[in-house]
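Listed below, chain by chain, are the residues.
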Amino acid sequence: MPDYIYLLENRLSADQRNALRQLREAAREAGMILFLTGDAVRDLTSGHAVRDLEVAVHGNALKLKKPIEKLGGAIWGESEASRSLYLCFPGTVRVDVVSTHRVDYTKIDKPVTHAASIQEDLRRRDFTVNAMAISLNEGSFGLLMDPLNGAADIEARTLRLVSNYGFLEEPSLLIRSTRYIARLGWELDPKTRTRYENAKEEGVIDRLSAEARSRELEQIGHEDEGLKVLRALEDEGWMKVLFPAWTAAKADEEKLKALHDLAVELLMQGVHPDMSAAQMQLLTAKLAAKELAALKKLMLRPGFVEEWNSLDTMAAKFAKVLLSKENSRASAGFKLFTSYDPEAVLWLGLTSKDKAVQERFNQFLKVWPEARQRTPHPLMQELRITPELATYKEIVQAIFLELIDGKLTTPEEMRAFLEPHSPPAPPPQVTVKRPRAKRGEAKVKERAYDDDEEPEDALDEDEDLDDLGGDEDEIDLGLNLPKVDVDLEPEAGEDLEAEPAENDLESDDDEPEPGAAKRGAKSAAGGKESKKAAAPKEASAKINAPEMKAKAVPAAVSAKPASPPVNKTAKLPVSRKEDKMAKAGSASAPGVKPPQLQSADLTPGVKPPQLEAADLTPGVKPPQPAADLTPGVKPPQVQAAVLAPAVKAPAAAKPKAPAAKPAKAAAKKAKPAPKAAKKAAKKAKPAKAAAKKAKPAAKAAKKVAKKAAKKAKPAKTAKKAKAAAKKKKKR
């Protein structure tokens, strides 16, 4: 549904809007409400040009006669029977003001009119497309009333009778329907077409009233294409009833075509003439004088006949003014063309044979419009004279008038003319700077987050790693834990990176050797190096269940332990979490073989820690020492640092070596980490069920690795181990 407020403000001409404004003011003074009805609402909805306006008022429309005359409206005619006024406002705007009413057809020949509401008035009209109204009142301006769904018929381009007896009660509807079909190109709906043919055959047109006859005769001249409508009425036989002497042969067809072409050119230059009087003059050009006089007496509006008769007089007056000295300048002549009576301009341009007049018309229609192309739009843009400016149209018109007078020939003259109209420059834009967040707070939050646990994004990166496969050794502890295969056998020529460990008995007086200090620093920085690249000296274990990734905690730390070779099926640590756990690989998870220590890692005279019987699983051999251990010295045995919560860790024999204490202390402080195990379970593909049961083991290994790394003092331990080796050689 269109917005009728927008249509009223944009589809109507300025003169039509002014006429409605004056009518609203007159109705307000008289205490009446009014509505726009009839052809105007139909043309607004369908998109056709609005020619005539019809306004319906509640009450007697004749009471508005004096207020309208005070406001500048001319009374062209009135009807006492229908209580209607026929007005003409400046700009030749024709307006019919009618009183809302209903008609009683008890007697076909003598209809009775009664005052009624707007709803009843719409239901007594001719076709549904005309039975629509738009409110012009303050509280409901622009509200559409359509009780008979005329908008649907407009969309379907169909003419449908409001009443089934419309043609019988009002024979003029036969003529009106023919006129609408010729003008709009619409068709009658099937039922209306049947009733039309029946009424035509029965000769209903013979009962046509005198008022209806006058209305239909005058309406021919108000049509945009009067000759086309005249021929359509003649073909249907309706002209024999209206005025038999008037036919299409009595019209001047050649001048009618020239009239329409000239009207279009004037419209393009801002002149809006009403062609009705000029067209009626040409449609009746070949009628005899007596016939023409009789036809003029039948017209509904006497004011229209007066305008028709005064065409030649108005044209002569305009020619005299146009050729005067005060209007000899181009700008003055242009203003005269756009401000004078448009009907006089139209008729003079069509009928004048004076060469001076024709030259002025040629300048107005052909020459002067070319000057608009020289309007300095870039310069106007530079001076901030844009269409958003309130006086933009006036400035453009002033430039145009200067150009047609031969002025503003140089850019300097144009700039001098435009600068007074240039608006001031806008103030500079204020930029509000937002304060930055303190970097120290962001770093503290990041460190706290890293110390608590790894971010989820880092854990999700591990999902991209796939298990490469390999041989697996199954160790059943009754815990239903996932299988783990770790190859930590060292090879000759390879060194294990020293892992940090706690030493509670080291002496503060001992000073580390330079070489041992370097190796210790290198060991402490192993976590950072593993993030950059997986070096050949680093060892990684192949874990069958990816969610475990548990590493063993060393029982003793050497000065520079040898690194075990990387198994063919092992995965290199790629995430920060896995790298830290790989570095702190001393806390053995269940089913993982502990690393074997070299002879240099053992202190002479001190027995390594022994595993208790409870630590061994039946059928599984205990770990064997490496081939490079010193003869006569037993390798240290590593406890299972991490067990499931359901199985208690067996108490290991108290080691005499001070370096074994960190592993035992770390094992006691191990706590389950359900969150780490939960995220690890998401990455488990082959053993999801086993991953759910191994949650505590992964968390315990992680915490042990962190604490062992913080408390490591590899340099002093390496010195003590070296001193013990020297004593052994002396013995």
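Above: the structure in question.
What counts and what doesn't
Residues numbered from 1 in each chain as written. Predicted model: local features only at pLDDT ≥ 70, side-chain atom pairs only at ≥ 80, totals over all residues. Heavy atoms only, no water. Helix = DSSP H or I, 4+ residues; strand = E, 2+ residues; numbered from the N terminus. Buried < 20%, exposed > 50% of the residue type's maximum accessible area, 1.4 Å probe, protein only. Contact = heavy atoms within 4.5 Å. Areas by Shrake-Rupley, 256 points an atom, 1.4 Å probe, with all protein chains shown as cover. Expected span 1.5 Å × (residues − 1). Arc of directions from axis to C-beta. Core = buried A, V, L, I, M, F, W, Y, C linked by side-chain atoms within 4.5 Å. 1 Å grid on protein atoms, 1.4 Å probe; cavity = no way out; pocket = protein on both sides within 12 Å on 5 of 7 lines; lining within 4 Å. Points joined across faces, edges and corners; volume = space filled by probe spheres on them. Nonpolar A, V, L, I, M, F, W, Y, C, P; charged D, E, K, R; others polar. Pairing = 2+ DSSP bridges. Axes fitted to C-alpha atoms, helices over the stretch in contact; angles between N-to-C directions. Parallel < 35°, antiparallel > 145°, perpendicular 65-115°, else oblique. Left-handed = near helix turned anticlockwise from the far one by under 90°. Polar contact = N/O pair within 3.5 Å; in protein donor to acceptor, adjacent residues only side chain to side chain. Salt bridge = Lys/Arg side-chain N within 4 Å of Asp/Glu carboxyl O. Phe/Tyr/Trp six-rings, centres within 6.5 Å; stacked < 30°, edge-to-face > 60°. Lys NZ or Arg CZ within 6 Å of the ring centre and 35° of its normal.

**Q** Any chance you could break down the overall build of the protein chain for me, citing the residues and the numbers?
**A** Secondary structure assignment for the protein chain yields 33 helices and eleven strands. Within the span of the protein chain, comprising 731 residues, buried residues form 47% of the whole. Excluding contacts between residues fewer than 6 apart, the proportion of contacts in the protein chain whose partners are at least 24 apart in sequence is 74%. Summed over all atoms, the accessible surface of the protein chain reaches about 38600 Å², with 52% contributed by carbon and sulfur.

**Q** With reference to specific residues and values, describe helix H9 (residues 190–201).
**A** The end-to-end C-alpha separation of H9 is 17 Å, in line with the 16 Å expected for twelve residues at 1.5 Å each. Buried within H9 are the following residues: Thr192, Tyr196 and Ala199. What you see down the axis of H9 is that its buried residues fit within an arc of 70 degrees, all on one side. For H9, exposure combined with an orientation more than 90 degrees from the buried face picks out Pro190, Lys191 and Glu201.

**Q** Quick one: what's the story with the nonpolar core, residue by residue and with numbers?
**A** A general feature of soluble globular proteins is that nonpolar side chains tend to end up buried together. Core analysis: the biggest nonpolar cluster contains 125 residues, and Leu23, Leu36, Val95 and Trp246 have the highest contact counts within it. Sort the elements by how many residues they give to this core and helix H22 (residues 392–404) lands first, with eight residues. Setting aside its immediate chain neighbours within four residues, Trp246 contacts Leu217, Ile220, Leu230, Met239, Met280, Leu283, Thr284, Leu287 and Leu295. In terms of nonpolar packing, the next biggest core, distinct from the first, is built from seven residues, Phe35, Ala56, Ile118 and Leu122 among them.

**Q** Mind laying out the layout of surface pockets, listing which residues take part and the relevant values?
**A** Where empty space is left in the structure can be found by rolling a water-sized probe over the atoms. One number sums up the size of the largest pocket: a volume of about 1400 Å³. Taken together, 47 residues line the largest pocket, and the ones lying closest to its centre are His101, Arg124, Glu170, Arg176 and Arg215. It is helix H8 (residues 172–184) that provides the largest number of residues to the lining of the largest pocket, a total of five residues. Looking at side-chain class alone, the lining of the largest pocket contains 16 nonpolar, twelve polar and 19 charged residues.

**Q** Can you break down the environment of Ala115 residue by residue, with the values?
**A** Its location among the elements puts Ala115 in strand E7 (residues 112–115). Measuring from C-alpha to C-alpha, the distance between Ala115 and Ser99 comes to 7.5 Å, with 16 residues separating the pair along the chain. Contacts of Ala115, omitting those with residues within four sequence positions, involve Arg83, Thr100 and His101.

**Q** Outline the pairing of strand E2 (residues 53–57), listing residues and values.
**A** Remark: a regular strand shows side chains that alternate across the two faces of the sheet. Summarising burial for E2: four of the five residues are buried, a large majority. Sheet topology note: the strand E1 (residues 34–37)/E2 ladder contains four bridges and is antiparallel. When the bridges of E2 are listed, Phe35 appears paired with Ala56. Here E2 pairs with strand E5 (residues 93–99) via five bridges, running parallel.

**Q** I'd like a rundown of the packing of helix H13 (residues 253–268) against helix H19 (residues 342–351), residues and numbers included.
**A** Viewed as axis vectors pointing N to C, H13 and H19 meet at an angle of 130 degrees, and their least axial separation amounts to 10 Å. In this view, H13 runs oblique relative to H19, as classed from their interaxial angle. Where H13 crosses over H19, the handedness of that crossing is right-handed. Here Lys255, Ala258, Leu259, Leu262, Ala263 and Leu266 of H13 come into contact with H19, specifically with Val345, Leu346, Gly349 and Leu350. When grouped by side-chain class, the residues that make up the contact of H13 with H19 number eight nonpolar, one polar and one charged.

**Q** Outline the sheet that holds strand E8 (residues 133–135), supporting the account with residue identities and numerical values.
**A** Here seven strands make up an open sheet; going across it, the order is E3-E4-E5-E2-E1-E8-E9 and the pairing mixed. Looking at strand neighbours, the two that pair on one side only are strand E3 (74–79) and strand E9 (144–145), the edges of this open sheet. Across the sheet, helix H3 (residues 39–46) touches E1, E2, E8 and E9, and the angle it forms with E1 is around 60 degrees.

**Q** Explain the side chain of Thr158 to me, and be specific about the residues and the numbers.
**A** Counting through the fold element by element, Thr158 comes out in strand E10 (residues 158–159). Looking at Thr158, the relative accessible area reads 18%, which means it is buried. Of note is the side chain of Thr158, whose polar atom sits 3.1 Å from the backbone oxygen of Ala156. Those residues in contact with Thr158 that lie beyond four places of it in its chain are Val129, Asp153, Trp186, Glu187, Leu188 and Asp189.

**Q** Give a description of the side chain of His101 that names residues and reports values.
**A** Within the element layout of this structure, His101 appears in strand E6 (residues 101–104). With near-sequence residues (within four places) excluded, His101 lies in contact with Thr113, His114, Ala115, Ala116, Glu120, Asp121 and Arg124.

**Q** Talk me through the pattern of salt bridges; I want residue IDs and the actual numbers.
**A** Overall, the coordinates contain 27 salt bridges when judged by the stated rule. A salt bridge links Glu253 to Arg231; the shortest N-O distance between them is 3.2 Å. On the criterion of sequence distance, the pair formed by Glu253 in helix H13 and Arg231 in helix H11 (residues 226–236) is long-range, its members being 22 residues apart. With a relative accessible area of 46%, Glu253 lands in the partly exposed category.

**Q** Outline helix H17 (residues 311–322), supporting the account with residue identities and numerical values.
**A** For H17, built from twelve residues, the straight-helix expectation of 16 Å at 1.5 Å per residue is met to within 8% by its first-to-last C-alpha distance of 16 Å. Taken as a whole, H17 has its buried residues at Leu311, Met314, Ala315, Phe318, Ala319 and Leu322. Along H17, the residues classed as buried sweep out an arc of 135 degrees about the axis, all on the same side. Residues of H17 that are exposed and angled more than 90 degrees away from the buried face: Asp312, Lys317 and Lys320.

**Q** Break down the packing of aromatic side chains for me, with residues and values.
**A** This structure, assessed with the given rule, holds twelve aromatic pairs. Relative to Phe337, the ring of Phe318 has its centre 5.6 Å away and its plane inclined at 75 degrees; by these criteria the two rings are edge-to-face. With Phe318 in helix H17 and Phe337 in helix H18 (residues 330–339), the pair connects residues that are 19 residues apart, well separated along the chain. Look at Phe318 and you get buried, because its relative accessible area is 0%. Its relative accessible area of 0% is what places Phe337 among the buried residues. Members of the aromatic cluster, each reached through a chain of ring pairs, are Phe318, Phe334, Phe337, Tyr340, Phe361, Phe364, Trp368 and Phe400. The aromatic ring of Trp308 is capped on one face by Lys296, whose charged end is 4.8 Å from the ring centroid. A cation sits over an aromatic face here: Arg372 above Phe400, 3.9 Å from the ring centre.

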